[in-house]
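Fold and contact review
If you want the building blocks of each chain, they are given just below.
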Number of protein chains: 2
Amino acid sequence: MADASTRTVERALLLLGTVCDRGVVSLADAARDATLSASTALRLLRTLESTGFVRKDDDGYRPGMRIVQLGAQALSHESLVSLAGAALDRLVGGTGESAYLNVPADDGHGIYIAVREGTHSVRHTSWVGRRIPLTGTAAGKVLAGEAPSCGYVVVRNGIEPDVTAVAAPVMIGDRIAASLSVVVPSYRISEQQADTLGELVAAEARSILNTSTATPAPGGTHPGDTEIQGESA
Amino acid sequence: MADASTRTVERALLLLGTVCDRGVVSLADAARDATLSASTALRLLRTLESTGFVRKDDDGYRPGMRIVQLGAQALSHESLVSLAGAALDRLVGGTGESAYLNVPADDGHGIYIAVREGTHSVRHTSWVGRRIPLTGTAAGKVLAGEAPSCGYVVVRNGIEPDVTAVAAPVMIGDRIAASLSVVVPSYRISEQQADTLGELVAAEARSILNTSTATPAPGGTHPGDTEIQGESA
DNA sequence: TAATGCATTTCACTTATTGAAACGCTCTTT
DNA sequence: AAAGAGCGTTTCAATAAGTGAAATGCATTA
């Protein structure tokens, strides 16, 4: 028991990942991909199959309904909030500005589901549950799918005067799950700085659902670690 | 090797299910839930943790980003289509009418992503990729979240004259992922029959993402197996 | 026909999983 | 304060359980 981890389970989860990554995969391919003997791969895939995590048809193995189900459950707001927690903290830590997470709400609106107040004495403030329109706000535009090529949206003095909002989408597959944003008093940030911040926010947004691949190396790299946004006015 | 399944993996997946079901769970609770000794549960949860399937914080274990990621991937249209395939087949087999699967599209519309033509010589026909408005159609109403208490929507002679559409939502957690529907020439179905059909469609829609719990018994029960919709005019 | 590749089964080997027990810890109870 | 209960964690010997090479049968391809 070298590393307090279960080899069999690791292998099974690796296979599960392979199946989900490729969409459909043959036994031989899956075995190659995971560097397993065919017999082992077969046994593990059968276990995954009997539990509904994968299913088998004539073309090979595909993701099963159980994983869709669990993934959807895990995607509840609460989970998304805590998944995004670290990213929000890093944004506040790196910029001193307030950071937010929004999701689409019922009608054509979005709501704040997580907030981290900035550390500046003059800062933007909002609260969990607050509704925002999908137009005229950076977070709203992102939720509305007005995804710019650069990966983030900057709105200066939009619906809220005197503040500049920078937002980027949290993608889940090819669908927009949420919007991550930082809101800054406009006097404190130049257009150029806003773009730099945009890159940072976009990187953090991407990181939220990006598997940092297995055991993150001690002191693993996160977006923003290398380059903290300057904040001189 | 009694049943060609690996106990360790089964247990790990069971724990994963527990974590996702409860949202957050302590080691002791998880162990009890899965009828495992604490030490075994701990080891398996650590494996799940090191692979990103669960994560641990002060409150206990929670679903990790990896499962959200895989679930989202699995939820791509293609997967949903093939997950729904069996349900569509059963609907056509049981009723002889055309059955469809729709998802929300870009603007306020839905699209057909899977069709199964009925077997009657006079039948409704549509095609994959066709767009429907969210109002005036049964599938559209379902997608729009106009979820009736009974679990299905019946639209007689709506946008399409002379046909009766019966639709039910495919829920994924608490969000509407798709609409499952059967469309029947109106002359062939009474209002009462439409309601019966509604129950059937709703049951099938529910079944699509309902884990049929582990190894389905040979000839496992599916909605509609017991009670096929009569179709006398 | 021979050859290649795949899915599947078998089986001896032994590795890797297992769970009881013990420990330190934090609360709660007495 | 001391005792008790519950939790997370580690240890360790027993052995149950997973492993992979090899063999089989079946398609496809050359």
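An account of the accompanying structure is given in this report.

Parameters at a glance
- Residues numbered from 1 in each chain as written.
- Chains lettered and ligands numbered in written order.
- Predicted model: local features only at pLDDT ≥ 70, side-chain atom pairs only at ≥ 80, totals over all residues.
- Heavy atoms only, no water.
- Near = heavy atom within 4 Å.
- Polar contact = N/O pair within 3.5 Å; in protein donor to acceptor, adjacent residues only side chain to side chain.
- Helix = DSSP H or I, 4+ residues; strand = E, 2+ residues; numbered from the N terminus.
- Pairing = 2+ DSSP bridges.
- Axes fitted to C-alpha atoms, helices over the stretch in contact; angles between N-to-C directions.
- Contact = heavy atoms within 4.5 Å.

1. Some thoughts on the protein's contact with DNA strand D
The immediate surroundings of DNA strand D are formed by 21 residues, with Ser39 and Thr40 of chain A together with Arg7, Ala28 and Arg46 of chain B found nearest. In DNA strand D, atoms within 4 Å of the protein come 76% from sugar and phosphate. Note that a phosphate oxygen of DNA strand D is positioned 3.0 Å from one of the side-chain N or O atoms of arginine 43 of chain A. One nitrogen or oxygen atom from the main chain of alanine 28 of chain B is found 2.7 Å from a phosphate oxygen belonging to DNA strand D. Listed by contribution, the elements that provide at least two residues to the surface near DNA strand D are α1 (7–22) and α3 (38–50) of chain A together with α1 (7–22), α2 (27–34) and α3 (38–50) of chain B. Looking at which element gives the most residues to the surface near DNA strand D, the answer is α3 of chain B, with four residues.

2. Quick look at the sheet that holds strand β4 (residues 109–116) of chain A
Residues and elements named next belong to chain A. The sheet built from six strands is open, its strands ordered β5-β4-β3-β8-β7-β6 with antiparallel pairing. Each edge of the open sheet carries a strand with a single partner, namely β5 (131–133) and β6 (153–156). Neighbouring strand axes in the sheet, compared pairwise and without regard to direction, differ in orientation by 30° on average. One ladder, built from three bridges, connects β4 with β5; its direction is antiparallel. Counted as the bridge partner of histidine 109 is proline 133 from β5. Against the sheet, helix α7 (residues 191–209) engages β6, β7 (163–172) and β8 (175–185), with an angle of about 25° to β7.

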